[in-house]
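Each chain, written out:
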Amino acid sequence: MGLFSKKIKLVSPMTGKLVDITEVEDITFSQKFLGDGVAIKPTEGTVVSPVDGKIIQVFHTKHALGINVKGIEILIHIGMNTVELKGKGFEVFVKEGDKVNIGDKLVEVDLNYLEENGYPTETPVVITNMEEIKNLEKKTGDVIAGKTEIMEIKK
């Protein structure tokens, strides 16, 4: 990596199976209306930071949050339609303005609770300001929270 290289690597915020964003049921994500990225079909309910960055938004319903890293905005949206749960089944460990490092715990979600109430658990990880991106390389396969690379961004 050169001195002036602007590559940003994201690791998985959750353990599970990584799929392309186009495979998500919700068309808001699969049609990339909010941006491009990937989704995780989680097997564990711990959500960790995928980057060294700053929390720029924590939704009051606890189901989603935004992180800024070097001007790139990342949305982690836990489950589908989970805004309807009004925070039930979620515990948040960060607040807006917090600086976070790769692997720091952000949210704990009760995946069983989501499934029992009919909410898909697939979790999109989306770059919401794609106009800042020159290239986005996405991975697939099994991932481990805080360890496995899921995307590489070139600014």
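Structural data are supplied above this passage.
Residues numbered from 1 in each chain as written. Predicted model: local features only at pLDDT ≥ 70, side-chain atom pairs only at ≥ 80, totals over all residues. Heavy atoms only, no water.

Trainee: Give me a nonpolar patch on the surface: which residues, what numbers.
Mentor: A contiguous nonpolar patch, built from Ile-27, Phe-33 and Leu-34 and spanning about 320 Å² of accessible area, is present on the exposed surface. Mapped onto the elements of the fold, Leu-34 is located in the loop between α1 (27-30) and β3 (36-42). Given the relative accessible area of 36%, Leu-34 is considered partly exposed. (Patch = residues over 30% accessible without salt bridge, like charges linked within 9 Å, V, L, I, M, F, W, Y side chains within 5 Å. Areas by Shrake-Rupley, 256 points an atom, 1.4 Å probe, with all protein chains shown as cover. Salt bridge = Lys/Arg side-chain N within 4 Å of Asp/Glu carboxyl O. Helix = DSSP H or I, 4+ residues; strand = E, 2+ residues; numbered from the N terminus. Buried < 20%, exposed > 50% of the residue type's maximum accessible area, 1.4 Å probe, protein only.)

Trainee: If you had to explain the packing of aromatic side chains to someone new, which residues and values would you point to?
Mentor: Centre distance and the angle of the planes are the two values used to describe a pair of aromatic rings. Scanning all chains against the criterion turns up zero aromatic pairs. Across from the ring centre of Phe-93, 4.8 Å away, lies the NZ or CZ of Lys-105, which sits over that ring. (Phe/Tyr/Trp six-rings, centres within 6.5 Å; stacked < 30°, edge-to-face > 60°. Lys NZ or Arg CZ within 6 Å of the ring centre and 35° of its normal.)

Trainee: Which residues make up the pairing of strand β14 (residues 149-154), and what are the values?
Mentor: Relative to β14, strand β1 (residues 7-11) runs antiparallel, the two being bridged by five bridges. Residue pairing in the sheet places Lys-9 in a bridge with Glu-152 of β14. Sheet topology places strand β12 (residues 135-138) next to β14; four bridges connect them, and they run antiparallel. From the neighbouring strand, Leu-136 faces β14, where its bridge partner is Ile-153. (Pairing = 2+ DSSP bridges.)

Trainee: Any details on the environment of Glu-149? Residues and values, ideally.
Mentor: With respect to the helices, strands and loops of the structure, Glu-149 is situated in strand β14. For Glu-149, a relative accessible area of 24% puts it in the partly exposed group. Distance in space between the C-alpha atoms of Glu-149 and Asp-36 is 16 Å, their sequence separation being 113 residues. Leaving out residues up to four positions away in the same chain, Glu-149 has contacts with Lys-9, Leu-10, Val-11 and Lys-139. (Contact = heavy atoms within 4.5 Å.)

Trainee: Talk me through the sheet that holds strand β2 (residues 16-20); I want residue IDs and the actual numbers.
Mentor: Read across the open sheet, the eight strands follow the order β9-β5-β6-β7-β11-β3-β2-β13; overall the sheet is antiparallel. Both edges of this open sheet fall to β9 (99-100) and β13 (141-143), since each of them pairs with a single strand only. Where β2 lies against β13, three bridges are found, and the strand directions are antiparallel. Within the sheet, the bridge partner assigned to Gly-16 lies in β13 and is Val-143.

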